[in-house]
Amino acid sequence: MDLTDGDDADTLAQGRPERAVGAEGGSVPVDPRRVSIDLEERAPGGARYEVRCELGKGGMGAVHLCHDQVIGRDIALKSMLPEARRSSGVAARFLREARIQGQLEHPAIVPVYDVGVDEHGAAFFTMKRLRGLTLAQILRGLRQGDAQITQAYSRRRLLTAFSSLCLAVDFAHVHGVLHRDLKPANIMLGDYGEVYLL
């Protein structure tokens, strides 16, 4: 939000509603009462992240859709699975993944917002919540002749996404990082042309 045109935070909080993208992708007004942050309102030791549902699970962690109660937005929170916490090597690898991902600033690499330990002693990190389909879902839909997917994902759109993906992989390689699990299930295409390497 650019406040250089004479607006200030008080004006935004009191009056004109700003616009934001809603859950369904449409534009909805931002609730002006939610613009200001009062950290004193939060209970000491209160959970910052409110878990909504599980988005997926992997070998060492689970990803949940959460609501960041300080910022007021939905995020993805990846936490270590209980069985993975027993190994200090796995814990170190999990935190290393978070730090590397957080240091690779590229439009196709999911930004990391926070790293921490929850009340159960499990390491976690938070990142941007993505919306879209994985390349695996798109390819399956194209093979099955799904009309919506066929219309939405032309050959040109897929080649453009592939080009963006190649640039992201090159960026990671230049910074000494190898993905080691590049596959269609780890590539996501957003509704507005975004391409993410997961």
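Residues numbered from 1 in each chain as written. Predicted model: local features only at pLDDT ≥ 70, side-chain atom pairs only at ≥ 80, totals over all residues. Heavy atoms only, no water.

**Describing the sheet that holds strand E9 (residues 187–189)**
- Pairing is antiparallel in the open sheet, where 3 strands are placed in the order E8-E9-E10. Every interior strand has two partners, whereas the edge strands, strand E8 (133–134) and strand E10 (195–197), have only one.
- Pairing of E8 with E9, which is carried by 2 bridges, proceeds in the antiparallel orientation. Bridged to threonine 134 within E9 is methionine 188.
- Most of the contacts of helix H6 (residues 155–174) go to E10, to which it runs at about 40°, and overall it touches E9 and E10. (Pairing = 2+ DSSP bridges. Helix = DSSP H or I, 4+ residues; strand = E, 2+ residues; numbered from the N terminus. Contact = heavy atoms within 4.5 Å. Axes fitted to C-alpha atoms, helices over the stretch in contact; angles between N-to-C directions.)

**Things to note about the sheet that holds strand E6 (residues 112–117)**
- Across the sheet, 5 strands lie side by side as E3-E4-E5-E7-E6; this open sheet has antiparallel pairing. Edge strands, defined here as strands with exactly one partner in the open sheet, are strand E3 (49–57) and E6. Direction aside, the axes of adjacent strands within the sheet are offset by 25° on average.
- Here E3 runs beside strand E4 (residues 61–68); their pairing, made up of 7 bridges, is antiparallel. Across the sheet, residue lysine 57 finds its bridge partner in E4, namely alanine 62.
- Helix-sheet contacts for helix H3 (residues 88–103) involve strand E5 (73–80), E6 and strand E7 (123–128), and the interaxial angle to E7 is about 25°.

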